[in-house]
Amino acid sequence: MNTPICDFLDNYQSGHMTRFHMPGHKGKAFLGCEGLDITEVSGADSLYEADGIIAQSEQNATDLFGSARTVYSTEGSSQCIRAMLYLALTHRPAGAAPVIVAARNVHKAFVYAAALLDLEVVWLYPDTLSRSLCSCPISAETLEQTLSALPAPPAAVYITSPDYLGGIADIAALSEVCHRHGTILAVDNAHGAYLRFLNPSRHPLDLGADICCDSAHKTLPVLTGGAYLHLSRRTPQAMRDNVKAAMALFGSTSPSYLILASLDRCNRYLAEEYPAALAEMVDFTDQLRHQLTQNGWQLSPSDPLRITLSATAAHTGIELAAMLRKNGIECEYADPDTLVLMLTPENQKDDLLRFAAVLSKNTDGVRHRLPLPSAKAVQRVSVRNALFAPHELIEAKDALHRICAAPTVACPPAIPIAVSGEEITQEAITLFAHYGIDTVDVLK
């Protein structure tokens, strides 16, 4: 597969062009990558008006993912989330309401998009009591009941799959419910770009999703910030035609060509050696999971390239992460109950075996985990009005009955406990304490 962006940058660098244009480093090596870091010079195309090398590269990605159209983001899935909600609202079918039905474990980028677009959100909560803020499993039956109770179809149903712990939703069943009710299924697939290249594919587009975003940089060899927005063949032509305008609405006019080049180069890898390397790593990860289970560790079901361990009776997930760090191993995420590692074919098998050796046998048993409160809340103020109103930072323990202004949560996992405009409940305060959140933004 060709790499038009990379080829142009290589030729531009080797041509020793005198650069009387941005960026200010003029191609001189400060970090070492500056020679390839350009702006929209002649022939370099323009991300949001692409009709040259970027358009060619995006077509390669479109073919690889089997979409109707795939476009690039250099600002991660956060930009894509805002764009796909905008597209869902502006291209909703006649009679559909400007409402998004969303599973509660959204990334805070969703909340910011709700404020910017002034959209109404109907929240979906887990079917059963959850043991993690990161997970919100929704059944087709729950979705059916929610959509049937609404006076009009929403602009979209929005879910996160895989979630931060690796839980995967039943996309096929949920999409069938959505389509029967005359709405679309939008998926935050930030953690699952690689799912397309399993055999068979487990990518949301192939299972019935209408629009979804992938953070390429999370699971593929792409620089941080590289992401895709995919539109399926079921989306209307007008939505596909307007996707670039939607991305431009929320994106910088100075996208990084280094990130674009990494997306471009990744296309060739995905088309050639990656599927075999992925299959080999998935098999090895399965073996590692079996070894960990045999050694007394409890693992949660997850997507194929994630290891999600339960904390032990003697050590929290945070303490386990610290122990690994002392041995030169950094995990993806840890909280009191869980430790998460994300793997790719670029990991070395010896490093994975070293990880298993450091953990050794679990002789402490599994930490007893009580279900967490759901923190269902009443929306007192719209998300938009709350986020843009005067607010103040107070101690979380003193926030009972106050109105949340900005979601106060670290990234990762960037999943809000209280959403802007909601009255903070005692359940929310319990969750703040559980996750170590000491302060919260509230309306003055």
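Side note on unusual backbone geometry
- At the junction of serine 161 and proline 162, the peptide bond is cis and its omega measures out at 0° in the coordinates.
- Positionally, proline 162 belongs in the loop between β4 (154-160) and α6 (171-180).
- A positive phi angle, close to 60°, is found at lysine 26, a residue other than glycine.
- You can see lysine 26 is positioned in the loop between α1 (4-14) and α2 (53-65).
- Taking relative accessible area as the criterion, lysine 26 reaches 33% and is therefore assigned partly exposed.
- Here the phi dihedral of aspartate 118 falls at roughly 55°; this positive angle occurs in a residue that is not glycine.
- Note on placement: aspartate 118 falls in the loop between α4 (108-117) and β3 (120-124).

Some details on the side chain of histidine 230
- Structurally, histidine 230 is set in strand β7 (residues 227-231).
- Within the structure, the side chain of histidine 230 is placed 2.7 Å from the side chain of threonine 70, a separation counted as a polar contact.
- Excluding its chain neighbours within four sequence positions, the residues that come into contact with histidine 230 are Phe65, Ser67, Arg69, Thr70, His203, Leu205, Asp210, Ile211, Cys212 and Asp214.

Notes on the packing of α1 against α2
- For the pair α1 and α2, the least separation of the axes is 8 Å and the interaxial angle reads 145°. On α2, the residues touching Pro4, Ile5 and Phe8 of α1 are Ile53, Ile54, Gln56, Ser57 and Asn60.
- For the contact of α1 with α2, a count of residues per class yields 5 nonpolar, 3 polar and no charged.

Description of α4
- Counted residue by residue, α4 has 7 buried out of 10 residues, so it is predominantly covered.
- Residues of α4 that are buried include every one of Ala109, Phe110, Val111, Ala113, Ala114, Ala115 and Leu117, and no others.
- Those residues of α4 hidden inside the fold are in contact with α3 (76-90), β2 (97-103), β3, β4, α10 (243-250) and α15 (383-388).
- Of the residues one or two after α4, aspartate 118 is the one with positive phi, at around 55°.

Considering the state of the cysteines
- Throughout the structure, instances matching the rule amount to 0 disulfides.
- This cysteine, cysteine 80, is not joined by any disulfide, and cysteine 213 carries the nearest cysteine sulfur, 5.6 Å off.

Side note on the layout of surface pockets
- Its volume calculated, the largest pocket comes out at about 570 Å³.
- Lining the largest pocket are 30 residues; nearest its centre among them are Ser135, Cys136, Pro137, Asp163 and Gly167.
- Listing elements by their share of the lining of the largest pocket, those giving two or more residues are β4 and β8 (306-310).
- Of all the elements, β8 adds the most residues to the lining of the largest pocket, at 3 residues.
- Residues that form the lining of the largest pocket fall into these classes: 12 nonpolar, 13 polar and 5 charged.
- Each pocket or cavity is described by its volume, and for the second largest pocket that value is around 330 Å³.
- Forming the walls of the second largest pocket are 24 residues, and the residues nearest its centre are His107, Tyr164, Ala190, His191 and Lys218.
- Every element with two or more residues in the lining of the second largest pocket is listed here: α3 and α8 (216-219).

A short note on the packing of α2 against helix α11 (residues 257-271)
- Between α2 and α11, the shortest axis-to-axis distance is 10 Å and the interhelical angle comes to 40°. It follows that α2 is oblique to α11 by the angle criterion. As for how α2 packs across α11, the hand of that crossing is left-handed. On α11, the residues touching Ile54, Ser57, Asn60, Ala61, Leu64 and Phe65 of α2 are Tyr257, Leu260, Asp264, Asn267, Leu270 and Ala271.
- Looking at side-chain class alone, the contact of α2 with α11 contains 8 nonpolar, 3 polar and 1 charged residues.

Calculation notes
- Residues numbered from 1 in each chain as written.
- Predicted model: local features only at pLDDT ≥ 70, side-chain atom pairs only at ≥ 80, totals over all residues.
- Heavy atoms only, no water.
- Helix = DSSP H or I, 4+ residues; strand = E, 2+ residues; numbered from the N terminus.
- Buried < 20%, exposed > 50% of the residue type's maximum accessible area, 1.4 Å probe, protein only.
- Polar contact = N/O pair within 3.5 Å; in protein donor to acceptor, adjacent residues only side chain to side chain.
- Contact = heavy atoms within 4.5 Å.
- Axes fitted to C-alpha atoms, helices over the stretch in contact; angles between N-to-C directions.
- Nonpolar A, V, L, I, M, F, W, Y, C, P; charged D, E, K, R; others polar.
- Disulfide = S-S within 2.5 Å.
- 1 Å grid on protein atoms, 1.4 Å probe; cavity = no way out; pocket = protein on both sides within 12 Å on 5 of 7 lines; lining within 4 Å.
- Points joined across faces, edges and corners; volume = space filled by probe spheres on them.
- Parallel < 35°, antiparallel > 145°, perpendicular 65-115°, else oblique.
- Left-handed = near helix turned anticlockwise from the far one by under 90°.

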